[in-house]
Amino acid sequence: MGDWTLTNRQARRCILACQGLWPPYELQGKAGVLDYVRRVGCIQFDPLNIVGRNPELVLQARVSAFRPAMLQELLYEDRKLLDGLDKNMSIYCVEDWPTFRRRRDAAWRRLGHDDRPATSVLPQVREAIEERGPLSSIDLDFNETVSWSWAPTRLARAALESMYFWGELVIHHKVNTRKVYDLAWRCIPPDLLSAPDPNQTEEQYHDWVVLRRIGGVGMLWNRSGDAWLGTRGITSKDRGAALARLLGRGQVLQVRVEGIETPFYVRSEDKPHLDRALDGDRPQPRAAIMAPLDNLLWDRRLIEDLFGFAYRWEVYKPAAEREYGYYVLPVLYGDRFVARFEPGRDRKNGRVTIKNWWWEDGVTPSEEMKADLVHCFGRFLDFLGADALRVEDEAVGWLAAAS
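Since we're looking at a predicted model, the values are computed, not measured.

### Looking at helix H5 (residues 101-111)
For step 1, the next point in the chain: All of the buried residues in H5 are Arg 103, Arg 104, Ala 107 and Leu 111. Taken end-on, H5 shows its buried residues confined to a sector of 100°, consistent with a single buried face.
For step 2, the next point in the chain: Where the residues of H5 are buried, they touch strand E5 (81-86), helix H7 (155-165) and helix H10 (202-217).

### Here we look at the pattern of salt bridges
For step 1, the next point in the chain: The full count for this structure, using the stated rule, is 29 salt bridges.
For step 2, the next point in the chain: The salt bridge involving Asp 78 is made with Lys 30; its shortest N-O contact spans 2.8 Å. In this pair, Asp 78 sits in the loop between helix H4 (68-76) and E5 while Lys 30 sits in helix H2 (residues 29-40), placing the two residues 48 residues apart along the sequence.
For step 3, the next point in the chain: Residues Lys 174 and Asp 83 are paired through a salt bridge, measuring 3.6 Å at the closest nitrogen-oxygen approach. Of this pair, Lys 174 sits in strand E9 (residues 169-175) while Asp 83 sits in strand E5; the two residues are 91 residues apart in sequence, bridging distant segments of the chain.

### Considering the environment of Trp 22
For step 1, the next point in the chain: Note on placement: Trp 22 falls in the loop between helix H1 (8-18) and strand E2 (27-28).
For step 2, the next point in the chain: A sequence separation of 255 residues divides Trp 22 from Ala 277, and the C-alpha atoms of the two residues are 7.1 Å apart.

### With respect to the nonpolar core
For step 1, the next point in the chain: Ranked by size, the top nonpolar core spans 141 residues in total, and within it Leu 81, Val 125, Phe 264, Leu 306, Phe 337, Ile 354 and Trp 357 carry the most contacts.
For step 2, the next point in the chain: If one sorts the elements of this core by residue count, helix H14 (residues 367-384) sits on top with nine residues.
For step 3, the next point in the chain: Aside from chain neighbours lying at most four places away, what touches Leu 306 is Asn 8, Ala 11, Arg 12, Met 219, Val 257, Ile 260 and Phe 264.

### What about the sheet that holds E5?
Neighbouring strands of a sheet are bound in pairs by backbone hydrogen bonds; such pairs are parallel or else antiparallel.
For step 1, the next point in the chain: In spatial order, the strands read E3-E6-E5; together these three strands make up an open sheet with antiparallel pairing. Both edges of this open sheet fall to strand E3 (42-44) and E5, since each of them pairs with a single strand only. Here the strands of the sheet are splayed against their neighbours by 35° on average, with no regard to which way each runs.
For step 2, the next point in the chain: Of the pairings in the sheet, the one linking E3 to strand E6 (residues 88-93) comprises three bridges and is antiparallel in character. Pairing of Gln 44 across the sheet is with Ser 90, part of E6.

### As for helix H11 (residues 236-248)
Each α-helix winds once per 3.6 residues, and so residues spaced three or four apart point in a common direction.
For step 1, the next point in the chain: The end-to-end C-alpha distance of H11, which contains 13 residues, comes to 18 Å, matching closely the 18 Å that a straight helix rising 1.5 Å per residue would cover.
For step 2, the next point in the chain: Taken together, the buried positions of H11 are Arg 239, Ala 242, Leu 243 and Leu 246. Mapping the buried residues of H11 onto a view down its axis gives an arc of 105°, with all of them on the same face. More than 90 degrees from the buried face of H11, the exposed residues found are Lys 237 and Gly 248.

### Here's the deal with the pairing of strand E12 (residues 260-267)
For step 1, the next point in the chain: Among the eight residues in E12, seven count as buried, and that is most of the element.
For step 2, the next point in the chain: Note: strand E11 (residues 252-257) against E12, five bridges, orientation antiparallel. Residue pairing in the sheet places Val 252 in a bridge with Arg 267 of E12.
For step 3, the next point in the chain: Between E11 and E12, which pair antiparallel one after the other, the connecting turn spans two residues, and Gly 259 there sits at a positive phi close to 90°.

### Details of the environment of Pro 292
For step 1, the next point in the chain: By the secondary structure assignment, Pro 292 is in the loop between strand E13 (287-289) and helix H13 (300-307).
For step 2, the next point in the chain: Residue class for Pro 292 comes out buried when judged on its relative accessible area of 1%.
For step 3, the next point in the chain: When the C-alpha positions of Pro 292 and Gln 19 are compared, they lie 15 Å apart, and in sequence the two are 273 residues distant.
For step 4, the next point in the chain: Aside from chain neighbours lying at most four places away, what touches Pro 292 is Asn 54, Leu 57, Leu 297, Arg 300, Tyr 311, Trp 313, Tyr 327 and Leu 329.

### Brief notes about the side chain of Arg 104
For step 1, the next point in the chain: Secondary-structure assignment places Arg 104 in helix H5.
For step 2, the next point in the chain: Lacking a salt bridge, the buried Arg 104 has Asp 105 as its closest oppositely charged neighbour, with an N-O distance of 6.1 Å.
For step 3, the next point in the chain: At 2.8 Å, the side chain of Arg 104 forms a polar contact with the backbone oxygen of Trp 97.
For step 4, the next point in the chain: For Arg 104, the contacting residues outside a window of four places in its chain are Trp 97, Pro 98, Phe 165, Trp 166 and Gly 167.

Cut-offs and rules
Residues numbered from 1 in each chain as written. Predicted model: local features only at pLDDT ≥ 70, side-chain atom pairs only at ≥ 80, totals over all residues. Heavy atoms only, no water. Buried < 20%, exposed > 50% of the residue type's maximum accessible area, 1.4 Å probe, protein only. Helix = DSSP H or I, 4+ residues; strand = E, 2+ residues; numbered from the N terminus. Arc of directions from axis to C-beta. Contact = heavy atoms within 4.5 Å. Salt bridge = Lys/Arg side-chain N within 4 Å of Asp/Glu carboxyl O. Core = buried A, V, L, I, M, F, W, Y, C linked by side-chain atoms within 4.5 Å. Pairing = 2+ DSSP bridges. Axes fitted to C-alpha atoms, helices over the stretch in contact; angles between N-to-C directions. Expected span 1.5 Å × (residues − 1). Lys, Arg positive; Asp, Glu negative; His and termini not counted. Polar contact = N/O pair within 3.5 Å; in protein donor to acceptor, adjacent residues only side chain to side chain.

The values are spatial; any link to function lies outside them.
Next up, the structure:
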């Protein structure tokens, strides 16, 4: 169909459509969770749990009546999803296991040398898991402190993580954030476990990575940014070459947005989502609370250019340097970001708190928007299994009264 030239609003709706946010809440149940993860490739994991962990927050914004138990079942009972390294620590579909063989092999070359501390205890670790079943590092008595990627750690952890990185182990389940490992052959179907890497050449691998990242966001450009995290060794020049090949084969479409010089790229398979966003039909605006590491927000500069929304996750900033707060979540309404807020939760009674609320510049909430925000926070409380909302910021005092 050639290159598209879109208005800013059309571009926003296109990316939201690819993200399962336009129209909103059409995905349903565990099937909807799988559909979304397959669509975007992976969702990013982060251990912080203020009002749900990042993957749960991503899914509650898209899947109608989503509950955290759905994700846990897909990961640790149904084995349809898998914890793995993609864009940092992530969750992806188990059928993607063969495409990560190249990374697992690289981990073996990096960590499997005889001079690495963990290799000395690998036979004992294997024997323990074979005999006792899934284990975590606290279940193993290898207490020597060894040098490790992030910081010195116990030998037990280094051994388990080494085996995990090269694919001998997978995460069987988690106890809060503590990983419990099992042998991969017990958890992954044999045909996937033994399948060869479908990307036989470096060019094929680059093409797969670039296409996966475009799908992860929905619409992406070839500019440096966090969307390209986890694409080790693939430079901007490599991405450009991959995009040229993908364009030549018709696997991606080039999109121009008025007022933005850099072209964008969309997967051809996502054209139905784009057509739907551009057909002139405007669904009823709905509010959604977004995750801090949401796929939509992977490239913060892109979102600032398209949505006029500047967002930085400030959890790792010193308090004095924060513009907003420690853990702040964006609020989407229709095709715009209208607010952000700092949530909290009382661990004793489960009550959710809005500590601070900031409307975006130029936003004057209509009665219709307020009514939908009430519904949105009702869904949010249901997702968390909470029955009360406390509002400490007068800017949304009406929200407490309505909830």
